[in-house]
Amino acid sequence: AAESVNRNLRNTILQLFFLFFSQEDKAAQSLLNKLIRNNLVNNTNQVEVLQKDPNSPLYSVKSFEELRLKPQLLQGVYGMGFNRPSKIQETALPMMLAEPPQNLIAQSQSGTGKTAAFVLAMLSHVDPNNRYPQCLCVSPTYELALQTGKVIEQMGKHYPEVRLVYAIRGNKLQRGSKLQEQIVIGTPGTMLDWCSKFKFIDPKKIKVFVLDEADVMIATQGHQDQSIRIQRMLPKNCQMLLFSATFEETVWNFAQRIVPDPNIIKLKREEETLDTIKQYYVLCNSKEEKFQALCNIYGAITIAQAMIFCHVNKATISYLALWELSREGHQVALLSGEMQVEQRAAVIERFRDGKEKVLVTTNVCARGIDVEQVSVVINFDLPVDKDGNPDNETYLHRIGRTGRFGKRGLAINMVDSKMSMNILNRIQEHFNKKIEKLDTDDLDEIE
Ligand code: ADP
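Residues numbered from 1 in each chain as written. Predicted model: local features only at pLDDT ≥ 70, side-chain atom pairs only at ≥ 80, totals over all residues.

So the rule is basically this: UniProt positions are given in the numbering used here, feature names are shortened, and annotations may be inferred rather than shown by experiment.
The chain carries the name RNA helicase in an unreviewed UniProt entry, which gives Seriola dumerili as its organism. As recorded by UniProt, the Catalytic activity (unreviewed entry) comment attached to the chain reads in full: "ATP + H2O = ADP + phosphate + H(+)".

Following this line, the structure appears as C-alpha cells:
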C-alpha cells in the first residue's frame with residue numbers, strides 16, 4: 001500500500017511539474033513571438049464571422065478613415081506605420097467600435113493584429129476627462145502585459161491625456177487610494193485584488209474589459225477563476241472582448257463564460273505544406289559521422305542561411321560548438337532552453353537580419369518560431385515526442401512553408417541508428433512524400 005501511495009505521489013508531482021513547465025513555455029513562446037515580430041503574418045484565408053444577431057448587417061472596413069477615429073488616434077495608427085486594417089481588423093474593428101458596443105470573441109494566430117485592434121478599441125472608448133479607470137485588460141504574465149502596454153503608449157502617443165497603469169504584483173499603492181488612470185493593464189490576481197480587496201478600481205465604472213491570450217491564460221492555475229470573478233463585478237453594459245491564438249474546447253468554454261452574447265471571428269492559420277521542399281536524409285553510423293556530414297553539407301551550401309535542430313543535450317551542443325570553432329569566420333548562433341526569452345529574441349533577430357548564417361537550436365525554443373527566409377533546415381536529430389514516436393507536427397512546422405508565400409527549401413535529416421531510420425520512414429509515410437537518400441561525399445545533386 002505504501003508503495004502505491006508513493007507511486008501516486010510521484011505521479012502527482014510529475015504532473016504538476018509538467019503543468020508548470022508547459023504553462024511557462026506557452027507564455028514564454030507567446031512573448032518570444034511578440035518580441036521577434038514587427039509586422040503582420042501573411043494569411044490568405046478568409047475570416048469566419050458568426051454574428052450575435054445574424055440579421056444585422058456585417059460591416060467591414062478597408063481603411064482606417066472609415067472608422068471615424070479621433071484624429072489623435074488616426075495619427076497614432078499611421079505613426080506606427082499601419083496603412084490599412086489587417087484581415088482580422090477589417091471586421092473586428094467595426095464591431096468593437098460600434099454603438100452600442102458589441103462583445104467579441106476573436107481567434108487568430110499570433111501576429112495577425114489582435115492586440116493593435118483591442119488597443120485601438122480601448123483608446124477610442126475612454127473619456128480622458130474622467131479621471132478613473134474605464135478599461136481593464138488582463139494578460140497572463142507581467143511581461144505580456146508590458147508588451148501590450150507598449151502598444152497602448154505607441155498608439156496613444158498623440159493622446160497624452162489618456163494614461164495607463166500596470167496592475168502587477170510588486171506595483172504597490174497606498175491603501176485607500178483611487179486610481180486616476182483610464183486604462184489598467186495587468187495580471188488577473190492583482191487586477192482582482194485592486195477591484196475587490198483594495199478597491200483601487202471601481203469595477204462598476206468599467207466600459208471595456210479585455211481578456212488577452214485566453215489560451216495561455218487558462219494554462220495557469222487560478223487565472224480562469226480570477227478572470228471570471230473580475231468579470232462578474234463589471235456592469236451589464238460593459239463591453240467584453242476575448243482574444244486567443246488557438247481555440248481548443250477548454251478555451252471555448254472559458255470564452256463563453258467571460259463573454260455573453262458574443263460576435264465570433266476566426267481566422268484559420270495558413271496551412272503549411274511540404275510541396276515546395278526537397279527532403280533528403282543522410283545515413284551515418286554515429287554522432288561523429290553526423291557531425292562530419294554536417295561539415296560536408298555546410299561546405300556545399302555556404303550561400304544559404306541554415307537552421308540546425310538538435311535535441312537538448314550537452315554533448316550535441318558541444319559538438320556543434322566545436323563545429324563553430326572549426327568554421328573560421330563563420331558565425332553560428334545558438335539558441336538554447338537556458339536562455340531568457342529576451343536573449344532568444346535577440347539571437348533570432350540577428351539571424352533574421354543575416355548577421356549569422358547558421359542558427360543551431362534545440363527543440364524547446366524552436367516551436368512556433370517562423371524564420372521565413374531560411375532555405376535550408378537540417379534535422380541533426382529527428383523530432384520525436386516524449387514517447388519516442390515521430391513528431392510529425394513539429395517536422396512539418398520546422399521545414400514546411402505556408403501556401404503561396406513559400407519559397408523553395410531544402411531539408412536534410414540525419415539518421416544514425418535503426419531507431420531513427422524507423423522514425424524517418426514513419427514521417428515519410430505520414431506525409432506521403434519521398435525523402436531521398438543523400439551521399440554527403442558527393443553533394444553535387446543538391447545544388
Ligand atoms: P497579435 O496580437 O495578433 O499577435 P499584433 O497586434 O501584435 O498581433 O500585430 C502583429 C504585428 O503587426 C505588430 O508588429 C503590429 O505592430 C503589426 N500590425 C498590427 N496591425 C497592423 C496593420 N493594420 N498594418 C500593419 N501592421 C500591423
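There's more to say after this.
What about the UniProt feature "domain: Helicase ATP-binding" (unreviewed entry) in the chain?
The test is simple: Secondary structure elements are defined from DSSP: runs of H or I of at least 4 residues count as helices, runs of E of at least 2 residues count as strands, and each element is numbered from the N terminus.
Those residues carrying the UniProt feature "domain: Helicase ATP-binding" (unreviewed entry) are residues 95-265 in this numbering. The straight-line gap between the two end C-alpha atoms of residues 95-265 is 10 Å; of that span, 36% is helix and 17% is strand.

Considering the site of the ligand
Put simply, the rule reads: Think of it this way: take the backbone, place a C-beta atom on it, and check whether that atom is within 6 Å of the molecule or strand, in which case the residue is near it. Residues are sorted three ways: Asp, Glu, Lys and Arg are charged, Ala, Val, Leu, Ile, Met, Phe, Trp, Tyr, Cys and Pro are nonpolar, and all the rest, Gly among them, are polar.
As a structural note, the neighbourhood of the ligand is formed by 16 residues, with Phe 82, Gly 113, Lys 114, Thr 115 and Ala 116 the closest of them. When grouped by side-chain class, the residues that make up the shell around the ligand number five nonpolar, nine polar and two charged.

What to know about the sheet that holds strand 2 (residues 104-107)
Stated formally: The rule for pairing is simple: two strands pair if DSSP sees at least two bridges between them. Under this scheme, a helix contributes an axis fitted over its contacting stretch, all axes are lines through C-alpha atoms, and angles between N-to-C directions fall in the 0 to 180 degree range. We call two residues in contact whenever the C-beta atoms placed from their backbones are within 7 Å.
Reading across from one edge, 1-8-2-7-6-3-5-4 is the order of the eight strands in this open sheet, with mixed pairing throughout. Sheet topology places strand 1 (47-50) and strand 4 (164-167) at the edges, where each strand pairs with a single neighbour. Strand-to-strand twist across the sheet, computed as the mean angle between neighbouring axes with direction ignored, equals 15°. Bridge count for strand 3 (residues 135-138) against strand 6 (residues 208-211) is four bridges, and the pairing is parallel. Across the sheet, the residue bridging to Cys 137 is Val 210, located in strand 6. Of the strands in this sheet, strand 1, strand 2, strand 7 (239-244) and strand 8 (263-267) are in contact with helix 3 (residues 87-97), which crosses strand 8 at around 170°. Across the sheet, helix 8 (residues 223-233) touches strand 3, strand 6 and strand 7, and the angle it forms with strand 3 is around 170°.

Let's talk about the UniProt feature "short sequence motif: Q motif" (unreviewed entry) in the chain
Following the UniProt record, the feature "short sequence motif: Q motif" (unreviewed entry) maps to residues 62-90 here. Along residues 62-90 one finds 45% helix and 0% strand; the C-alpha atoms at either end are 6 Å apart.

Quick word on the packing of helix 3 against helix 4 (residues 114-125)
As a reminder of what qualifies: Roughly parallel refers to an angle under 35 degrees, roughly antiparallel to one over 145, roughly perpendicular to one between 65 and 115, and oblique to any angle outside these ranges. Left-handed describes a crossing in which the near helix is turned anticlockwise from the far one by less than a right angle; the clockwise case is right-handed.
For the pair helix 3 and helix 4, the least separation of the axes is 10 Å and the interaxial angle reads 20°. Accordingly, the angle class assigned to the pair helix 3 and helix 4 is roughly parallel. The two elements helix 3 and helix 4 cross, and the hand of that crossing is right-handed. The residues of helix 4 that touch helix 3, namely those facing Ile 88, Gln 89, Ala 92, Leu 93, Met 96 and Leu 97, are Lys 114, Ala 117, Leu 120, Ala 121 and Ser 124. Grouping the constituent residues of the contact of helix 3 with helix 4 by class yields eight nonpolar, two polar and one charged.

Quick look at the sheet that holds strand 11 (residues 306-310)
In space, the seven strands of this open sheet follow the order 12-13-11-14-16-10-17, with parallel pairing throughout. Because the sheet does not close on itself, it has two edges, and the strands there are strand 12 (332-335) and strand 17 (436-437). Where helix 10 (residues 287-300) meets the sheet, it contacts strand 10 (277-283), strand 14 (376-379) and strand 16 (409-415), and its direction lies at approximately 160° from that of strand 16.

Brief notes about helix 6 (residues 188-195)
Condition: Partly exposed residues are those falling between the two cut-offs: more than 12 but fewer than 20 other C-beta atoms within 10 Å of their own, whereas 20 or more means buried and 12 or fewer means exposed, with C-beta atoms placed from the backbone.
The element helix 6 is largely enclosed, with a buried count of six among its eight residues. Of the residues making up helix 6, those classed as buried are Pro 188, Thr 190, Met 191, Leu 192, Trp 194 and Cys 195. Against strand 3, strand 4, strand 5 (183-186) and helix 8 lie the buried residues of helix 6.

So, the environment of Met 217
Examined against the element boundaries, Met 217 turns out to sit in helix 7 (residues 214-217). Judged by local crowding, Met 217 falls into the buried class, with 29 C-beta atoms found within 10 Å. Between the alpha carbons of Met 217 and Thr 141 there is a distance of 8.5 Å; along the sequence they are 76 residues apart. Beyond its immediate stretch of four places on either side in the chain, Met 217 contacts Pro 140, Leu 211, His 223, Gln 224 and Ser 227.

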